[in-house]
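The residues making up each chain are set out below.
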Amino acid sequence: MKLETFSFDIDADGIAHAVFDVPGRSMNTLTGKAVADIIAFTQEVATNDAIKGLVISSGKASGFCAGADLGEMGDRAGSGGSSEPKSEAEIKKAQFDAGFSLNKTLRQLETCGKPVAVALNGLALGGGLEVALAGHYRVAANDNPKLQFGLPEAKIGLLPGAGGTQRLPRLVGVQTALPLILQGESFNAEKALAMGVVNELAPSSETVAKAKAWVKANPKAKAPWDEKGFKVPGGVPHRAPGAGQVMTMANSMLHAKTYGNYPAQLNILSCVYEGIMVPIDAGLRIETRYFINTQQRPEAKAMIRSLFLSTQALSKGGNRPAGYPKYELKKVAVIGAGLMGAGIAYVQAKAGIQTVLVDVSMENAEKGKDYSRKLVEKDVSRGKLTQEKGDALLALITPTASYDDVKGADLVVEAVFENEELKAKITKMAEEQLADTAVMGSNTSTLPITGLAKASKRPANFIGIHFFSPVERMGLVEIISGEETSEETLAKTIDYVLAIRKTPIVVNDSRGFYTSRCFGTYTREGMEMLAEGIKPAIIENVGRQCGMPMGALEVTDSVGIDTALKVTRATAEAMGADVQGDERTQFLAWLVEDQGRVGRKAGKGFYDYNEKGKPERLWPDINKMIEVKVDECPPALKTELTHRFLVRQAIEVARCFEEGVITDARDADIGSILAWGFAPYTGGCASYMDLIWGIKPFVEEADRLADKYGERFRPNDLLRDMAAKAEGFYDRFPPGGAKAKAAA
């Protein structure tokens, strides 16, 4: 028996030991070769009379297994690998057989008549936990603080496909298992023991020995569900009223949270409900059918690509220019100790970077450091951080009013108000203290970097570094290259973003760049609907139901209605439009200037807010200036408004591609999800056009909307060309951008 990802031996007592250790990887994953190896050693254990039992463990200190290799998944659930034409029935059978292969093997292992124990020294997620659940006994390490278990497939649009939806509910009960599977949350060894997911805890060095001892002592082990008279803890829905109520409540809660946008969660619920009412062998076949159905949905393909593969790649510097050594950042200066600058200082110090926090006075700089002090105090009080580590973090932040303290910084982040003159002044003052190799960055959300770089004596070292608020919670940083920004500066800036544990996207210069420009289309479309007389509650509910984190009017409140008014007036002036004759502008002016309703910061805007800043209700008098003409929302209208919200945003993204603002489809997708919350189930704006619609149907729908509502929906030449050539954004703008395409 030749294995590529496992070692396999049999000791003098006849106990086989399979050690999972994928070559060349820091973490085990269920690759195609790993699945083939599991099939091979399962057959050996089942048929070799000399083998009395089996222990499975990991050869990697990082843990047991992180789950399926998603990059290979599509290949393993294909049409069977043959190029010969097949009927639909043959294709479905081939897909089922491929999808069921691991499930079938684990069931064979579970029923081979020999005891199987699994030693878990670290994390076991997804397929890794499913393999462990197919063993009769599980020993987990109690001295590894990073150990975690879970079935996270739902987070990327999938469902567990190797028995997880069937074994976990049978082990811990439907009520306990459902939230774990639907939400994909992980749990530690102590909770796993309490629930019965693992049977014993031991030091990492003893897990294998404990597993072997159990195998020797239990030669006739069976899974609980194979014992005569087995009953699911808490009962099954069609027999136990309580279990039936759990499913009913789970269904209601699921729709309340997902609005039906996530097929995986609905399929998980169906899978558990149907599978738990039949013997486990039938339940496993039900699971495989739902798994294949889910895997082939465009939402799953989009979410896997964006939320897993692309996010992972960008979080490791996948968009970094090659050929430059890693930039070591020992000292970084942040100029401006307001909310944004204070947050940047905190994440830098948390990453272990010596940070200088500069403001116009020592008092202001200390106030900026207070932001970090409060965050540290909160973490210490909750047991997330020791006082010693908290003090060490704060010691890395030096508040100052002197630019002399900037000297020696490897990078500067200027984070002052959006004022070109002020930013130019600060750039000159900071650069007086910097070495020629240092990077000068500006945290701006709208001002063109090329223009700001004119104040710099080293424009090649000048770059935009756009953070999102609150900095400590937002995982994205938008890096903006100006016309003269060098690739070396870009590489250094990406190294900085990775060092502070954020995900970088890279865009080219433009007013509003990528995220701010596209984000605004959602709120503006909400205003268009309001002006048309659509009831505000309908606008807000459809906004949330289509996948956005907030309704469009609530987002406007969060940004500030006064800010929206300023932008609207400035844009109209730049375009030579008649501000006084624009009823939308006049409506905003009425809200801000006549009613004093400027948004969340004032406690009143489109919504009324409570003392904690939470929206309590839509302001009843919103429509004093605009007549409500639509106060009901039948399904057809919901679909229409959904398309308007999402297509409008996507059209702006397509324009950013055409104008060269975006050159890598991954940056577009990850940026749209992490920056402004574009419906995650779509995989992001590019994937929404590519996979959820398909470019040709998307263009047709955008043309229909443009004819009905205005030219803001009209597809650009790029989209029409892509539709004609049957190209997607990942074809035209592949990972690595234009350079990668040219090289290919």
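For clarity, every value in this text was computed on a predicted model and none was experimentally measured.

Criteria and cut-off values
- Residues numbered from 1 in each chain as written.
- Predicted model: local features only at pLDDT ≥ 70, side-chain atom pairs only at ≥ 80, totals over all residues.
- Heavy atoms only, no water.
- Helix = DSSP H or I, 4+ residues; strand = E, 2+ residues; numbered from the N terminus.
- Buried < 20%, exposed > 50% of the residue type's maximum accessible area, 1.4 Å probe, protein only.
- Contact = heavy atoms within 4.5 Å.
- Areas by Shrake-Rupley, 256 points an atom, 1.4 Å probe, with all protein chains shown as cover.
- Patch = residues over 30% accessible without salt bridge, like charges linked within 9 Å, V, L, I, M, F, W, Y side chains within 5 Å.
- Salt bridge = Lys/Arg side-chain N within 4 Å of Asp/Glu carboxyl O.
- Lys, Arg positive; Asp, Glu negative; His and termini not counted.
- Charge placed at Lys NZ, Arg CZ, Asp CG, Glu CD.
- Axes fitted to C-alpha atoms, helices over the stretch in contact; angles between N-to-C directions.
- Left-handed = near helix turned anticlockwise from the far one by under 90°.
- Nonpolar A, V, L, I, M, F, W, Y, C, P; charged D, E, K, R; others polar.
- Parallel < 35°, antiparallel > 145°, perpendicular 65-115°, else oblique.
- Polar contact = N/O pair within 3.5 Å; in protein donor to acceptor, adjacent residues only side chain to side chain.
- Pairing = 2+ DSSP bridges.
- Core = buried A, V, L, I, M, F, W, Y, C linked by side-chain atoms within 4.5 Å.
- Expected span 1.5 Å × (residues − 1).
- Bend = angle between axes of the 7 residues up to and from the residue.
- pLDDT = per-residue confidence, 0-100.
- Phe/Tyr/Trp six-rings, centres within 6.5 Å; stacked < 30°, edge-to-face > 60°.
- Lys NZ or Arg CZ within 6 Å of the ring centre and 35° of its normal.

What follows deals with the overall build of the protein chain. Regarding its fold elements, the protein chain presents 30 helices and 19 strands. Seen through its principal axes, the protein chain has C-alpha atoms that stretch 85 × 60 × 55 Å. Put simply, the protein chain has 744 residues, and 54% of those count as buried. The contacts of the protein chain with a sequence gap of at least 6 include a subset with a gap of at least 24, amounting to 72%. Here the protein chain displays about 32000 Å² of accessible surface, and carbon together with sulfur accounts for 52% of that area.

This part takes up a positive patch on the surface. Positive charge collects at one region of the surface, where Lys350, Lys378, Arg382, Lys384, Arg473, Arg501, Lys612 and Lys614 lie side by side. With respect to the element layout, lysine 614 can be found in the loop between strand 18 (607-609) and strand 19 (615-618). Residue class for lysine 614 comes out exposed when judged on its relative accessible area of 51%.

This paragraph deals with the packing of helix 12 (residues 298-315) against helix 26 (residues 685-693). Look at helix 12 against helix 26: their axes get within 9 Å of each other, and the N-to-C directions meet at 150 degrees. Of the two possible hands of crossing, helix 12 and helix 26 adopt the one that is right-handed. When helix 12 is examined against helix 26, the residues Pro298, Glu299, Lys301, Ala302, Arg305 and Ser306 are found in contact with a partner set consisting of Ser687, Asp690, Leu691 and Ile692. Tallied by class, the residues present in the contact of helix 12 with helix 26 amount to four nonpolar, two polar and four charged.

Bringing the packing of helix 5 (residues 164-172) against helix 6 (residues 174-183) into the picture now. One can describe the packing of helix 5 onto helix 6 by two numbers: an axis separation of 7 Å at closest approach and a directional angle of 140 degrees. By the angle class used here, helix 5 and helix 6 are oblique. Crossing of helix 5 over helix 6 shows right-handed handedness. Of the residues in helix 6, those in contact with Gly164, Thr165, Leu168, Pro169 and Val172 of helix 5 are Val174, Thr176, Ala177, Leu180 and Ile181. Along the lines of polarity and charge, the residues of the contact of helix 5 with helix 6 split into seven nonpolar, three polar and no charged.

This brings us to the side chain of serine 58. Mapping serine 58 onto the fold places it in strand 3 (residues 53-58). Within the local environment of serine 58, its side chain forms a polar contact with the side chain of asparagine 28, the two groups lying 3.2 Å apart. Within the structure, serine 58 has its side chain in polar contact with the backbone nitrogen of lysine 60 (distance 3.0 Å). Apart from the residues lying within four places of it in its own chain, the contact partners of serine 58 are Val19, Phe20, Asn28, Gly63, Phe64, Ala119 and Asn121.

A sheet is described by the order of its strands in space; here eight strands give the open sequence 12-11-10-13-14-15-16-17, paired in mixed fashion. The open sheet is flanked by strand 12 (397-400) and strand 17 (503-508), the only strands paired with a single partner. Between one strand axis and the next, the sheet turns by 25 degrees as a mean value, whatever way the strands run.

Of all hydrophobic cores here, the largest spans 96 residues; its most connected members are Tyr514, Phe606, Phe657, Met689 and Phe729. It is helix 24 (residues 635-658) that provides the largest number of residues to this core, a total of 10 residues. Apart from the residues lying within four places of it in its own chain, the contact partners of phenylalanine 729 are Ala654, Phe657, Ala665, Ala686, Met689, Asp690, Ile695, Leu718, Leu719, Met722 and Pro734. Listed in part, the 71 residues of the second largest apolar core include Leu178, Ala223, Val232 and Leu284.

Here we take up the environment of glutamate 388. Along the chain, glutamate 388 turns up in helix 15 (residues 387-395). Taking the C-alpha atoms as reference points, glutamate 388 and proline 448, 60 residues apart in sequence, are found 42 Å from one another.

What follows deals with helix 12. Over its 18 residues, helix 12 extends 24 Å from the first C-alpha to the last, a length consistent with the 26 Å expected when each residue adds 1.5 Å. The largest bend in helix 12 is about 30 degrees, located at arginine 305. Residues of helix 12 that are buried: Glu299, Ala300, Ala302, Met303, Ile304, Ser306, Ser310 and Leu314. Directly after helix 12, the chain includes glycine 317, whose backbone phi takes a positive value near 85 degrees.

Across the sheet, three strands lie side by side as 4-6-8; this open sheet has parallel pairing. Among the strands making up the open sheet, the edge pair consists of strand 4 (63-65) and strand 8 (149-150). When strand 6 (residues 123-125) meets strand 8, the two strands line up parallel, connected through two bridges. Note that in strand 8 the partner of leucine 125 across the bridge is glycine 150.

Here helix 24 spans 34 Å end to end across 24 residues, near enough to the 34 Å set by a 1.5 Å rise per residue. Of all the 24 residues making up helix 24, 18 are buried; the element is thus mostly covered by neighbouring parts of the structure. Looking one or two residues past helix 24, glycine 660 carries a phi angle of roughly 80 degrees, positive in sign.

Further remarks concern the confidence of the model for the protein chain. Overall, the prediction assigns the protein chain a mean pLDDT of 91, with 94% of residues at 70 or greater. The spread of mean pLDDT over the elements of the protein chain runs between helix 30 (residues 737-743), the lowest at 51, and helix 27 (residues 695-709), the highest at 98. Every residue in residues 74-82 scores below 50 in pLDDT, and together they form 18 contacts with partners more than four places removed in sequence or on other chains. Across residues 740-744 the pLDDT falls below 50, and counting only partners more than four positions away or on other chains, this stretch makes five contacts in the model.

What describes a pair of aromatic rings is the distance from one ring centre to the other and the angle between the planes of the rings. Applying the stated criterion across every chain, the model contains 21 aromatic pairs. Ring geometry for phenylalanine 96 and phenylalanine 100: centres 5.2 Å apart, planes at 20 degrees, overall stacked. Residue phenylalanine 96 and its partner phenylalanine 100 are located together in helix 3 (residues 88-110), separated by four residues, close to a single helical turn. There is no split in this pair, since phenylalanine 96 and phenylalanine 100 are both buried. Over the ring of tyrosine 327 we find lysine 492, and its NZ or CZ is 4.7 Å from the ring centre. Arginine 644 extends its terminal NZ or CZ atom over the ring of tyrosine 709, reaching a point 4.1 Å from the ring centre.

Before going further, it helps to spend a moment on the environment of valine 630. With respect to the secondary-structure elements, valine 630 resides in the loop between strand 19 and helix 24. Ignoring any residue separated from it by four or fewer positions in sequence, one finds valine 630 in contact with Gly533, Ile534, Lys535, Ile538 and Leu637.

A few words now on the pairing of strand 15 (residues 462-467). In regular strands, side chains alternate between the two faces of the sheet. Taken across its six residues, strand 15 has six buried, putting it largely inside the fold. Judged by which residues are buried, strand 15 turns out to be covered on both faces: Phe462, Gly464 and His466 on one side and Ile463, Ile465 and Phe467 on the other are all buried. Examined bridge by bridge, strand 14 (residues 439-442) and strand 15 share three bridges and lie parallel to one another. Pairing of methionine 440 across the sheet is with phenylalanine 462, part of strand 15. Both strand 15 and strand 16 (residues 476-481) contribute to a ladder of four bridges, which runs antiparallel.

Counted under the stated rule, the structure contains 46 salt bridges. The partner of glutamate 431 in a salt bridge is arginine 458, and the shortest N-O contact between them spans 3.9 Å. Note that glutamate 431 is positioned in helix 16 (residues 420-431) and arginine 458 in the loop between helix 17 (449-452) and strand 15, a separation of 27 residues in sequence. The pair glutamate 431 / arginine 458 is uniform in exposure class, with both members buried. Here lysine 601 makes a salt bridge to aspartate 562, at a shortest N to O gap of 3.0 Å. One end of the pair, lysine 601, is in the loop between helix 23 (583-594) and strand 18; the other, aspartate 562, is in helix 22 (residues 561-574), with 39 residues separating them in the sequence. Since its relative accessible area comes to 58%, lysine 601 is described here as exposed.

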